[in-house]
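If you want the building blocks of each chain, they are given just below.
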There are 2 protein chains.
Amino acid sequence: MTEQTAPLTRRRLRTWLRILRLTRGAENHLREFLRAECDTTLPRFDVMAALYRADKPMKMSELSQKLLVSNGNATAVVDRLEQDGLAIRVASETDRRVKHVTLSDAGRDRFAVLARAHEAEVDKLFANLGHDELDMMRTIIRRMEGPSQ
Amino acid sequence: MTEQTAPLTRRRLRTWLRILRLTRGAENHLREFLRAECDTTLPRFDVMAALYRADKPMKMSELSQKLLVSNGNATAVVDRLEQDGLAIRVASETDRRVKHVTLSDAGRDRFAVLARAHEAEVDKLFANLGHDELDMMRTIIRRMEGPSQ
DNA sequence: ACTTGAAGCTTCAAGCTTGAAATTAATAAT
DNA sequence: ATTATTAATTTCAAGCTTGAAGCTTCAAGT
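Residues numbered from 1 in each chain as written. Chains lettered and ligands numbered in written order. Predicted model: local features only at pLDDT ≥ 70, side-chain atom pairs only at ≥ 80, totals over all residues. Heavy atoms only, no water.

Enquirer: I tried to follow unusual backbone geometry on my own but got confused; where do I start?
Expert: Of all residues except glycine, most have a negative phi; of all peptide bonds, most are trans. Residues and elements named next belong to chain B. In this structure, Asp 39 is a non-glycine residue whose phi angle is positive, near 55°. Secondary-structure assignment places Asp 39 in the loop between helix H1 (8–38) and helix H2 (42–54). Judged by its relative accessible area of 67%, Asp 39 is exposed. With phi around 65°, Asp 55 is a residue other than glycine that occupies positive phi space. (Helix = DSSP H or I, 4+ residues; strand = E, 2+ residues; numbered from the N terminus. Buried < 20%, exposed > 50% of the residue type's maximum accessible area, 1.4 Å probe, protein only.)

This is the structure we're talking about:
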């Protein structure tokens, strides 16, 4: 009897590389879409999305944790959004170390438009996925994150 | 009868965000691992991996296509690897526009070590995935990339 | 009250990344 | 042969990203 199936370790590596490739491809597509059609960037979009969904002022540290980026990174992107008048920093009244960030009115209006375009583009990108595949995907991702978590 | 299942468009978006989150988490983990344990970076590792697997000199443009990055990016990373003596650029003899890149002997030796450590870390990271989940994952990814491709 | 330690944010240098412009070279079309 | 087009790579500016260092502020422990 010959060795039929690849060893688990090797298969995990190959699968990880496939996921990485898929994600990079999709990210590149969305970056180009945001640039060409919406005149913005992926990191700016991500920050605006987080602020929009939070629906209330967010601490800088909450923001960077949410997005899985460093604090320094969050500072830099929020700086640029603030310069463009899309985000606002407000000093906390209870703790003078923390700064709260929100979208400005202009920022909320802008993101509402961006979100529609972005969602439509993601829909196109994953048009091959129906409810069945989405169910499978959710199951697998949950399992990947750990059965205990 | 109430609206039970989320609309397809919305589910596709949510799934994409979940994938993105999973990938970023894993990438952050591996970046930190390569930095702390192997004293290198993710982009350097990726370039070395591509060169190692190609097993023959590779055009700069082939490299950037393989990794889904811009030409300028490939140039920059290869520059640094070359400075560190891990990669070598060789001018093509048949077409004076193209440069071939390879790992140096030192580069191959170095990557052999890195690859083992990296594979082991990926194995730990996805320890929850057995053959069944890996099969499912492959099926879904293929379907995402398009039924026709 | 005072010190110590930790938390929240920013700053900074180095490296990464893109997209556009520039350079050089091959190919095609007059 | 000359010109135009296309291709391969590099260069460059701007922006992104990290990790470490620094600053300010809060919370505990003495």
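Enquirer: Where do I start with the nonpolar core in this structure?
Expert: In globular proteins that are soluble, nonpolar side chains generally tend to be buried together. Residues Trp16(A), Val47(A), Leu63(A), Trp16(B), Val47(B) and Leu63(B) are the most contacted members of the largest nonpolar core, which totals 78 residues. Each residue touching Val47(A), except ones within four places of it in the same chain, is listed here: Leu63(A), Leu67(A), Val77(A), Val78(A) and Leu81(A). (Core = buried A, V, L, I, M, F, W, Y, C linked by side-chain atoms within 4.5 Å. Contact = heavy atoms within 4.5 Å.)

Enquirer: So what exactly am I meant to see when it comes to the environment of Asp55(B) here?
Expert: All names here are of chain B. Tracing the sequence through the fold places Asp 55 in the loop between H2 and strand S1 (58–59). On the basis of relative accessibility, which here comes to 66%, the residue Asp 55 falls in the exposed class. Put simply, Asp 55 and Arg 31 are 24 residues apart on the chain and 25 Å apart in space, counted from C-alpha to C-alpha.

Enquirer: Please clarify how the interface of chain A and chain B should be interpreted in this entry.
Expert: One widely used convention gives an interface's size as the accessible area the parts lose upon coming together. Contacts between the two partners involve 52 residues from chain A and, on the opposite side, 51 residues from chain B. Buried area between chain A and chain B, summed over both chains or domains, comes out near 5,700 Å², and the portion from carbon and sulfur atoms is 63%. Counting across the chain A and chain B interface gives 12 salt bridges. For Glu27(B), the salt bridge identified is with Arg24(A), shortest N-O distance 4.0 Å. Here chain A is connected to chain B by 29 residue pairs in polar contact (both at pLDDT 80 or more). Where the side of chain A that touches chain B is concerned, the elements lending two or more residues are helix H1 (8–38), helix H2 (42–54), helix H3 (60–67), helix H5 (105–125) and helix H6 (131–144) of chain A. (Buried area = accessible area lost by both parts, 1.4 Å probe. Salt bridge = Lys/Arg side-chain N within 4 Å of Asp/Glu carboxyl O. Polar contact = N/O pair within 3.5 Å; in protein donor to acceptor, adjacent residues only side chain to side chain.)

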